[in-house]
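As a plain string of letters, each chain reads:
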Amino acid sequence: MNDLKDRILALQLQSAALEPGEGERDRLLEELQYYSNNFINSLGEQKAYIGEKADVSTFQIGEGTRTLKEVLEIYSREVAAKGVKPASGGHMGYIPGGGIFTAALGDYLADVTNEYAGISFASPGAVAMEHALLNWMKSLFNFPETAVGNLTSGGSIANMIALTAARDKYVIKGAQIEKSVVYLSEHLHHCNLKALRIIGLEDVVIRHLQLDERSRIDPGDLEKKVNEDKLAGLKPFLVIASAGTTDTGAVDPLKDIGEICLAEDLWFHIDAAYGGFFILTEKCKSMFRGIGLANSLAIDPHKGLFLPFGLGAVLIKDREAVFHSHHHNANYMQDAKENAEVIDPADVSPELTKHFRALRLWLPLQLHGTAPFIACLQEKLLLTKYFRIKLKEAGFKLGPEPDLTVSYFWWPLAVGDENSFNKRLIKEIHRDGRVFLTSTTIKGKFVIRLAILSFRSKIETVDRAMEMILTAKEKVLAEDKDLGI
Ligand SMILES: *Cc1c(COP(=O)(O)O)cnc(C)c1O
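Residues numbered from 1 in each chain as written. Predicted model: local features only at pLDDT ≥ 70, side-chain atom pairs only at ≥ 80, totals over all residues. Heavy atoms only, no water.

Enquirer: Which residues make up the UniProt feature "modified residue: N6-(pyridoxal phosphate)lysine" (unreviewed entry) in the chain, and what values go with them?
Expert: In the numbering used here, UniProt assigns the "modified residue: N6-(pyridoxal phosphate)lysine" (unreviewed entry) feature to K303. Residue placement: K303 occurs in helix α11 (residues 301-304). Using a relative accessible area of 15% as the deciding quantity, one classes K303 as buried. Once residues lying within four places of it in the same chain are set aside, the contact partners of K303 are I95, P96, A273, Y274 and L453. (UniProt positions renumbered as here; feature names shortened; annotations may be inferred. Helix = DSSP H or I, 4+ residues; strand = E, 2+ residues; numbered from the N terminus. Buried < 20%, exposed > 50% of the residue type's maximum accessible area, 1.4 Å probe, protein only. Contact = heavy atoms within 4.5 Å.)

Enquirer: How would you explain the pattern of salt bridges if you had to name every residue and give the values?
Expert: Scanning the entire structure with this criterion turns up 30 salt bridges. Two residues, D168 and R167, come together in a salt bridge whose shortest N-O distance is 2.8 Å. The buried category is assigned to D168, whose relative accessible area is 14%. When its relative accessible area of 18% is taken as the criterion, R167 is described as buried. Across the pair E401 and R388 runs a salt bridge, and its minimum N-O distance is 3.8 Å. Placement of the pair is E401 in the loop between β10 (397-398) and β11 (406-410) and R388 in helix α14 (residues 371-393), with a sequence separation of 13 residues. The exposure class of R388 is buried, given its relative accessible area of 10%. Each of the salt bridges in this network shares a partner with another, and the network as a whole consists of D212, R214, R216 and D403. (Salt bridge = Lys/Arg side-chain N within 4 Å of Asp/Glu carboxyl O.)

Enquirer: Outline the nonpolar core, listing residues and values.
Expert: The biggest cluster of nonpolar side chains holds 66 residues, and the ones touching the most others in it are M137, F141, L254, I270, F277, F278 and F288. By residue number, the principal contributor to this core is helix α5 (residues 124-140), which donates six residues. Setting aside its immediate chain neighbours within four residues, L254 contacts A241, S242, A243, F268, I270, M287, F288, R289, G290 and I291. (Core = buried A, V, L, I, M, F, W, Y, C linked by side-chain atoms within 4.5 Å.)

Enquirer: Got a sec to walk through helix α3 (residues 68-80)? Specific residues and values, please.
Expert: The end-to-end C-alpha distance of α3 is 15 Å, clearly below the 18 Å that 13 residues give at a rise of 1.5 Å each. Three or more residues of α3 are buried, namely L72, I74, E78 and A80. Looking at the buried residues of α3, the elements they touch are α2 (22-41). (Expected span 1.5 Å × (residues − 1).)

Enquirer: Any details on the packing of aromatic side chains? Residues and values, ideally.
Expert: Applying the stated criterion across every chain, the model contains 13 aromatic pairs. Taken together, a centroid distance of 5.8 Å and an interplanar angle of 50° make the contact between Y94 and F436 tilted. Highlighted residues: Y94 in the loop between β2 (83-84) and α4 (101-113) and F436 in the loop between α15 (418-432) and β12 (438-442), separated in sequence by 342 residues. A relative accessible area of 51% places Y94 in the exposed class. F436 gets classed as buried once you look at its relative accessible area, which sits at 2%. Three or more aromatic residues link up through ring pairs in this structure, and these residues are Y35, F39 and Y75. Sitting over the face of the ring of F143, K317 holds its NZ or CZ atom 5.0 Å from the ring centroid. Residue placement shows K473 over the ring face of W411; its charged tip is 4.0 Å from the ring centre. (Phe/Tyr/Trp six-rings, centres within 6.5 Å; stacked < 30°, edge-to-face > 60°. Lys NZ or Arg CZ within 6 Å of the ring centre and 35° of its normal.)

Enquirer: Please give an account of unusual backbone geometry that cites residues and values.
Expert: Even without being a glycine, N114 presents a positive backbone phi close to 45°. By the secondary structure assignment, N114 is in the loop between α4 and α5. Residue class for N114 comes out exposed when judged on its relative accessible area of 61%.

Enquirer: Which residues make up helix α9 (residues 254-264), and what values do they have?
Expert: An α-helix turns once every 3.6 residues. As a result, residues three or four positions apart point the same way. Listed as buried for α9 are L254, I257, G258, I260, C261 and E264. On an axial view of α9, the arc spanned by its buried residues comes to 160°, and they lie on one face. Opposite the buried face of α9, by more than 90 degrees, sit the exposed residues L262 and A263. For α9, the elements touching its buried residues are α8 (219-231), β6 (235-242) and β7 (267-272). One or two positions beyond α9, positive phi appears at D265, with a value near 55°. (Arc of directions from axis to C-beta.)

So this is what it looks like as structure tokens:
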């Protein structure tokens, strides 16, 4: 017995490193705060993209230890100074990220207290906070209070939970799968197609709907295809629309699609991961008309509410459909299941244990209110307008007037291959890296995309982007001249 105690005490001494004392905690935090302040203060001067690879060997786990100072040096060199920088206002590629500071405080508090957010029995407060946020979102998107929801790691999982509910509501399994039809736009985010494969619906029939000149679903075509499929003995069951596509930011005609879904008894899912929170702005309210007709909706606070990566959300009206796959009673959970009035997040998601991610949104909303978030979204809409005016003045061709804050442009040529010219232009823009833009292909045309969603993107950022784009364009033009093109 004494020997056992001695061994435990010896191990206790060794494992004490996992619980630094107060002085040590202060010192560590101070170092981190110094680093964070430098990081944020210098963001304006840093590039938004640095096309370098990380030195993999630096990250190897060995027996030795490093000081926080050493770690921060490595971090600064190998992580913060390489690749795309979502914390930078110069990030205008793909769909930009956020990273508001007060969300980091929420994460810090969540990590220190480590509340168990999966089940109400374990942390009634954490779960109530999640429900409060979900109820707020239900009211924003015109969903009934009876809808269920979940705070997820991001849009991909949010979409997957919704599509799983659609599958189970319509009992799409076995021989039904090959006869079941899903309607969507070719501009739909690929995570939805991935989700269909993950949930066993790889072999459903996929119908690509016709789009209008602004890349929005044509509801007439939806109606026509559904009728044809029904006549052919197939089973239409799901329509997936977007409130803000990734390619062009297009918002599909939600009300028209929703009414067709109601009439034809189809599950209507909306992927609003990028565009959803623009519903907070006056300008966009009418565009989102009919969003409440959806059976399910995916949104991404780590995009439209400027949070650091790691927060999506899903809302679903049909609770039973969700519970079919996600609700589970295991014997070892019996204590936790006695109090059944509150819906446990674990019953609406594949996750049991989850990060207490409500706090990273709830805390900023408490500290700031919603007004600065709304102002920031409005600012992004106007910056997009400003950017387009500047591009037009400089002689670029523009894609159609965007619904939200994603748009595209290209440099036109009187003679020569426009696609290859613009491909070289984006390469040059990446080489510069002050502002990060990406490209896409719209109807066979290679175009350069701009996506303004970072809370740190400001007028100066757009001006800097213009300067960079013009320099890059002159460089590519000069190369052509040298080649005699
Ligand atoms: C970003 C995005 C997704 C995927 O969400 P993640 O948070 O990256 O998992 C889905 N749909 C749209 C429209 C998006 O913009």
